[in-house]
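# Examination of the molecular architecture
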Amino acid sequence: MHLHILGICGTFMGGLALIARAGGHRVTGCDAGVYPPMSTQLAEQGIELMEGYGADQLALRPDLYVIGNVVSRGNPLMEAILDTGAPYVSGPQWLGDHVLAGQHVLAVAGTHGKTTTSAMLAWILEHAGMRPNFLVGGVAQDFQVSARYDPARKLFVIEADEYDTAFFDKRSKFVHYRPRTAILNNLEYDHADIFPDLAAIETQFHHLVRTIPGKGRIVLPTGSAALDRVLARGCWSETVRFGDDGEWQAGEADTDGAFAVSRGGDAIGTVRWRLLGEHNRLNALAAIAAAEHAGVAPGDAIQALSLFAGVKRRMELRGTARGVAVYDDFAHHPTAIETTLAGLRRRVGDARILAVLEPRSNTMKLGTMAERLPGALQAADRVFCFGSKAGKHALGWDPARVLAPLGDRAAAYDDLDAMVAAIARTAQAGDHILIMSNGGFGGIHGKLLDALTSPERP
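Just so it is clear, the model here is predicted, and its values are computed rather than measured.

## Regarding the sheet that holds strand β18 (residues 316-321)
If you walk across this open sheet you meet the six strands as β18-β19-β23-β20-β21-β22, and the pairing is mixed. Edge positions in the open sheet fall to β18 and β22 (410-413), since each of these has one partner strand only. Going from strand to strand, the sheet's axes swing by 20° on average, the running direction of each strand aside. One ladder, built from four bridges, connects strand β21 (residues 382-386) with β22; its direction is parallel. Residue pairing across strands places Val383 opposite Ala410, the latter belonging to β22. Along the sheet face, helix α14 (residues 416-426) touches β20 (353-357), β21, β22 and β23 (432-436) and points at about 170° away from the line of β21.

Below, the structure written as structure tokens:
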């Protein structure tokens, strides 16, 4: 079958393209801004890419158009598809119908930590010799790819996003996946461009729970009122809890990041790694409990996590210049910002942390959670916030006003080069610069490392 994928350079749709190619399909695709690294990864697999959404792409005459949720009405190619009656389907539905059917699907849902927890779970299964298929929203260091598929393998780990499926299907993506094992990692209000309130997201999670079989397993934390409300609306599967007062618990981390794992009060083993933060310890517990449902002994899962290399753009050290460490992290929700900073603070002690933030997600651009930022950034010694005043990433609020409670610790910029220069002037040997954005942030990481090593820097 020839599939033509609209929005192919997105992480999900690009991963879907690789899976379809591995499944024996001919795959082509288009996007507005065909760019690496996804474009390179796709081209290496023999997938032809086209720039833009021109209606002339109808001449390809594929068997099916697969539509990403970046595509909306008014898109010229989509309008041509609708006018001609050509067959089309959303990416999540195609994946659910043609790939996930017949697989033991292990889905990882939640507001935070989906990519990291999915990568942990896939790595545990890999270490156990199970060679899982997977599709995650980032590049796991242990695999160096975001997706893998072998039709002969029957375990599939997928990052289960609650964002909507397509312009013609406003259900969450994850309702198409029909997991046998599901991690519901946490649940907060997010995606203000899609959901009016937390209750609307809870409804989508309830729909997901309805698809899990009676012999399935739901892994979730203790102390989440939102998830408790979801399950109170109906639950037909085994539930396993982790965290305080849960079946699975993590001890405090030592100075190197290692922590003990216990189950029902009995010691199971120690994860020896250098990942930061309580959130990652909880992610680990969730992955251990989910992997057990697929047949991996908890002790083996702990051993695997001790070898886990992490995920790119999750507290990834991008370089050190003149004694200043520069990290890249995907954090963009206030809760993720706060926990990421807390993890770095625990590791570096009293050393200075310079937090560099781009509020780029749709929710943050709308300002829905802007007032929470000062509290989320308290652990930083200095804060630099970038907010564009024009274009598709323009903020609908004033970062200088919002960050005013931080006093002279915080500064707002709408000129990226000016902000890079200011950070370079401020940074001192021994500092840790944490850059947080869910986008490319204008290549700030390389620009900042260059500025830190410039001979003109004082």
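## Examining the domain arrangement of the chain
Here the domain parsing of the chain yields domain 1 (2-92), domain 2 (100-307) and domain 3 (316-453). Put simply, the middle of domain 2 and the middle of domain 3, counted by C-alpha atoms, are 28 Å apart. The partner domain 3 presents 16 residues to the 17 residues of domain 2 that form the contact. Among the salt bridges present, the one from Glu188 reaches Arg372, with a minimum N-O distance of 3.6 Å. Across the domain 2-domain 3 interface, the total number found is one residue pair in polar contact (both at pLDDT 80 or more). Residues of the side of domain 2 that touches domain 3, tallied by class, amount to six nonpolar, six polar and five charged.

## A few points about the layout of surface pockets
Leftover empty space is mapped by rolling, across the atoms, a probe with the size of a water molecule. In this structure, the second largest pocket spans a volume of roughly 290 Å³. Lining the second largest pocket we find 15 residues, and of these Asp97, Val175, His176, Tyr177 and Arg178 sit closest to its centre. Take the lining of the second largest pocket: its biggest share by element is four residues, from helix α4 (residues 91-100). Of the residues in the lining of the second largest pocket, the class split is five nonpolar, seven polar and three charged.

## Brief notes about helix α3 (residues 76-84)
The set of residues buried in α3 consists of Leu77, Met78, Glu79, Ala80 and Ile81. Taking the backbone nitrogen of Leu77 as reference, a side-chain oxygen 3.1 Å away marks Asn75 as the first, capping residue of α3. The first or second residue beyond α3 is Gly85, which carries a positive phi of 75°.

## As for the environment of Thr368
For Thr368, the location among the structural elements is in the loop between α11 (362-366) and α12 (373-376). For the pair Thr368 and His191, spaced 177 residues apart in sequence, the C-alpha separation works out to 9.4 Å.

## A few points about the UniProt feature "binding site: ATP" (unreviewed entry) in the chain
UniProt records the feature "binding site: ATP" (unreviewed entry) for Gly110, Thr111, His112, Gly113, Lys114, Thr115 and Thr116 in the present numbering. Mapped onto the fold, Gly110 is located in the loop between β6 (104-109) and α5 (114-127). Non-local contacts of Gly110, meaning those with residues more than four positions away in its chain, are made with Glu162, Asn185, Asn186 and Phe205. Structurally, Gly113 can be placed in the loop between β6 and α5. Contact partners of Gly113, with chain neighbours within four places excluded, come to Asn185 and Asn283.

## Digging into the pattern of salt bridges
The final tally for this structure, using the stated rule, is 19 salt bridges. Residues Asp228 and Arg241 are paired through a salt bridge, measuring 3.0 Å at the closest nitrogen-oxygen approach. You can see Asp228 sitting in helix α7 (residues 225-232) and its partner Arg241 sitting in strand β14 (residues 238-242), a full 13 residues away along the chain. Classification of Arg241 as partly exposed rests on a relative accessible area of 26%. The partner of Asp431 in a salt bridge is Arg352, and the shortest N-O contact between them spans 2.7 Å. Separated by 79 residues along the polypeptide, Asp431 in the loop between α14 and β23 and Arg352 in the loop between α10 (334-348) and β20 bring together distant segments of the chain. Judged by relative accessible area, Asp431 falls into the buried class, the value being 3%. Three or more residues joined by partner-sharing salt bridges are found here, namely Arg217, Glu238, Glu247, Arg263 and Glu292.

Reading the values: rules and limits
Position labels on residues start from 1 in each chain and follow its written sequence. Note on the predicted model: pLDDT of at least 70 is required for a residue's local features to be given, and 80 or more for side-chain atom pairs to be given and counted; whole-chain, interface and lining totals, by contrast, use all residues. Note that the side-chain values use all heavy atoms of the structure and ignore hydrogens as well as water. When DSSP locates at least two bridges between a pair of strands, those strands are taken to pair. Helix and strand definitions here come from DSSP, where helices need a minimum of 4 consecutive H or I residues and strands a minimum of 2 consecutive E residues; each element is numbered from the N-terminal end. Axis definition: a line fit to C-alpha positions, over the contact stretch in the case of helices; interaxial angles, taken between N-to-C directions, run 0 to 180 degrees. Two residues qualify as a contact provided that any one of their heavy atoms is within 4.5 Å of a heavy atom in the partner residue. An automatic or database domain assignment supplies the start and end points of every domain. Put simply, a salt bridge is a Lys or Arg side-chain nitrogen that is within 4 Å of an Asp or Glu carboxyl oxygen. Pairs of N or O atoms are called polar contacts if they sit within 3.5 Å, as long as, within protein, a hydrogen donor faces a hydrogen acceptor (for residues adjacent in sequence, only side-chain-to-side-chain pairs). For this classification, Asp, Glu, Lys and Arg are treated as charged, while Ala, Val, Leu, Ile, Met, Phe, Trp, Tyr, Cys and Pro are nonpolar and the rest, including Gly, are polar. With a 1 Å grid laid over protein atoms only, a set of points is called a cavity when a 1.4 Å probe fits there but cannot get out and a pocket when it is open yet has protein on both sides within 12 Å along at least five of seven lines; lining residues have an atom within 4 Å of a point. Grid points are joined across faces, edges and corners, and a volume is the space filled by probe spheres set on the points. We call a residue buried when its accessible area falls under 20% of the maximum for its residue type, exposed when it is over 50%, and partly exposed in between, using a 1.4 Å probe and counting protein chains only. UniProt positions are given in the numbering used here, feature names are shortened, and annotations may be inferred rather than shown by experiment.

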